[in-house]
Amino acid sequence: MRNFEQPGRSIAVGRSGMAATSHPMATLTAIDILKSGGKAIDAAVAACAVQCVVEAGSTGIGGDCFALFAPNGGDQVIAFNGSGRTPAATDLKWFKDQGVSEITRSSPHAVTIPGAVDAWTRLVADHGRMSMADILAPAIALARDGYGITPRVSADISHQRAMLALDPSTRRIFLDNDEVPAVGSIQRQPELAETLSAIGSHGRDAFYRGDVAEDMVSYLRSLGGLHTIADFSSATGEYVTPISTTYRGWTVHECPPNGQGIIALMILKILERFTPSGHPLNADNLHIEVEATRLAYAARERWLADAATSNVPVDFLLSDELADSLASKIKPNEVCDAGGLIDGVEHSDTVYISVVDKDRNAVSFINSIFHPYGSGLMAPKSGVLFHNRSQSFVLAEGHPNAIGPRKRPMHTIIPAMVTRNGKATLSFGVMGGHYQAMGHAHFLSKLFDYGMDIQSAVDLPRLFPLPGTVTIEAEETIRTAIGENLRGRGFKVIPPKWAIGGAQAVWIDHQLGTLLGASDHRKDGCALGY
């Protein structure tokens with residue numbers, strides 16, 4: 001039970017519907033949609049669209065989307081991959097001939113064709129009830145009429161101020177006379193409002209064809225991009241078969257590669273070979289979590305890529321034999337040789353949304369522009385802020401994740417779902433770029449190894465070993481409590497650049513007929529039920 005003398009949040013409780021997001025306006029929008037008769041996917045898309053406006057540093061229609069959907073609370077989980085591809089003209093040899101050895105954040109080459117809008121419209125058409133016009137109406141009103149800046153949004157703009165000042169459109173929209181807007185100040189995005197309105201009226205074609213597409217393409221090409229109208233008009237996501245494993249008797253579902261959900265499953269399979277004891281944050285337990293993460297992420301750097309264009313050995317990566325082998329490398333009091341190389345792109349920004357409706361349709365939904373405010377490039381007439389997802393590619397011939405034509409990069413964003421006994425029991429996600437796979441395993445271990453509730457597990461302090469290194473980013477509580485212990489085992493322990501990630505979760509209690517929601521204090525949002 002929660003200690004009510006300590007700071008913290010209570011679990012949200014509802015019966016007819018529950019939404020958990022990282023922004024209050026998004027959560028409120030999702031609940032309003034549910035109460036007006038919308039289904040879970042309608043509410044998730046409406047909430048995400050709102051966040052594309054009010055939390056533009058974390059997500060946008062110029063980014064990508066993944067979703068898991070459990071119809072009527074069953075265990076037949078549906079997955080959708082809404083990640084975009086590179087332009088057809090993209091070629092590794094072209095980059096070499098041009099002397100490009102690195103894709104920089106604000107390069108047009110960092111921008112793949114955004115997949116979010118296609119994913120939204122497909123999912124609503126197939127699993128929703130409301131029109132896109134009604135779903136997008138709250139976001140359109142906020143973009144047109146204005147919204148108040150929340151504390152986390154103000155902080156994110158502060159971190160990105162110099163980059164936002166470089167592009168005339170981002171400078172005009174997100175800065176206030178070139179300064180960081182104060183908490184409570186009003187911001188508007190009139191061009192984005194018009195684009196969202198067009199999508200509401202005319203569907204995905206309003207984004208991938210016509211004036212909006214022409215604005216995006218002309219802007220990116222003016223900067224040297226290889227994008228064409230044909231690249232946008234042919235963009236499409238796809239339904240994919242989820243991958244899964246069991247952990248302590250619970251089945252954990254993730255989207256397959258090109259997302260890193262498989263890495264979360266690998267970490268869980270390694271952790272299942274150990275028996276934790278004592279407090280969930282004691283040094284011995286966290287040592288095992290860190291080492292399992294380092295080993296699984298080394299495999300990520302070697303194998304993870306777009307399964308449509310590269311041979312990703314999913315069965316091998318999820319095999320008991322590999323889990324046994326990796327677990328055997330973990331030594332109790334010293335750092336193991338995990339191999340792997342850091343890819344140089346340390347962080348990303350994302351929104352994760354969990355919604356369950358009265359029929360127990362459960363949606364685990366994630367939408368991202370990668371880094372905070374993505375590439376910092378905004379199409380001037382349409383107000384589309386582009387992500388920088390191509391930074392996840394490798395510029396090395398023969399690597400599975402090497403950049404190429406019409407190829408999807410390795411993706412960090414991963415929604416998740418847990419089922420048991422034929423029913424969906426938990427819809428959850430953890431934001432935070434590369435941290436997400438470890439975040440999934442860390443969160444589930446706290447639930448199923450220690451019996452914590454979802455809010456308490458979200459509230460725990462976090463740490464993350466930077467891939468390919470012995471450096472651990474650790475939040476202050478962990479650094480103070482066991483930092484020296486971890487250093488004694490051979491790790492370098494440092495503060496994170498900012499709080500590690502964020503999380504939302506909804507638990508479905510089928511026996512009691514209630515819904516429990518949790519939301520992370522590291523963001524501005526909340527969980528609400530009714």
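Let us look at the structure shown here. (Residues numbered from 1 in each chain as written. Predicted model: local features only at pLDDT ≥ 70, side-chain atom pairs only at ≥ 80, totals over all residues. Heavy atoms only, no water.)

1. Quick word on the environment of P280
Thought 1: As for its placement among the helices and strands, P280 is situated in the loop between α12 (261-271) and α13 (283-303).
Thought 2: P280 sits in the buried class, given a relative accessible area of 9%.
Thought 3: Sequence separation of P280 and D449 is 169 residues, and the distance between their C-alpha atoms is 8.5 Å.
Thought 4: Once you skip the residues sitting within four places of it in the chain, P280 turns out to touch N285, L286, K446, Y450 and M452. (Helix = DSSP H or I, 4+ residues; strand = E, 2+ residues; numbered from the N terminus. Buried < 20%, exposed > 50% of the residue type's maximum accessible area, 1.4 Å probe, protein only. Contact = heavy atoms within 4.5 Å.)

2. What about the packing of aromatic side chains?
Thought 1: Scanning the model with the defined rule gives 9 aromatic pairs in all.
Thought 2: With 4.8 Å between their ring centres and 75° between their planes, F207 and Y208 make a pair best called edge-to-face.
Thought 3: Classification of Y208 as buried rests on a relative accessible area of 0%.
Thought 4: The structure contains a cluster of three or more aromatic residues connected by ring pairs, namely W250, F448 and W507.
Thought 5: Note that R302 overlies the ring of W303, its terminal NZ or CZ placed 4.1 Å from the centroid.
Thought 6: Residue placement shows R420 over the ring face of W250; its charged tip is 4.2 Å from the ring centre. (Phe/Tyr/Trp six-rings, centres within 6.5 Å; stacked < 30°, edge-to-face > 60°. Lys NZ or Arg CZ within 6 Å of the ring centre and 35° of its normal.)

3. Brief notes about the sheet that holds strand β16 (residues 492-494)
Thought 1: With mixed pairing, the 3 strands of this open sheet are ordered in space as β14-β15-β16. Because the sheet does not close on itself, it has two edges, and the strands there are β14 (463-465) and β16. Along the sheet, successive strands turn relative to each other by an average axial angle of 25°, direction set aside.
Thought 2: Inspection of the sheet shows strand β15 (residues 471-474) paired to β16 by 3 bridges, in the parallel sense. Bridge pairing in β16 places T471 opposite K492.
Thought 3: Sheet strands touched by α13: β14 and β15. Its angle to β14, the strand with the most contacts, is close to 40°.
Thought 4: Sheet contacts for helix α18 (residues 476-488): β14, β15 and β16; angle to β16, the most-contacted strand, approximately 165°. (Pairing = 2+ DSSP bridges. Axes fitted to C-alpha atoms, helices over the stretch in contact; angles between N-to-C directions.)

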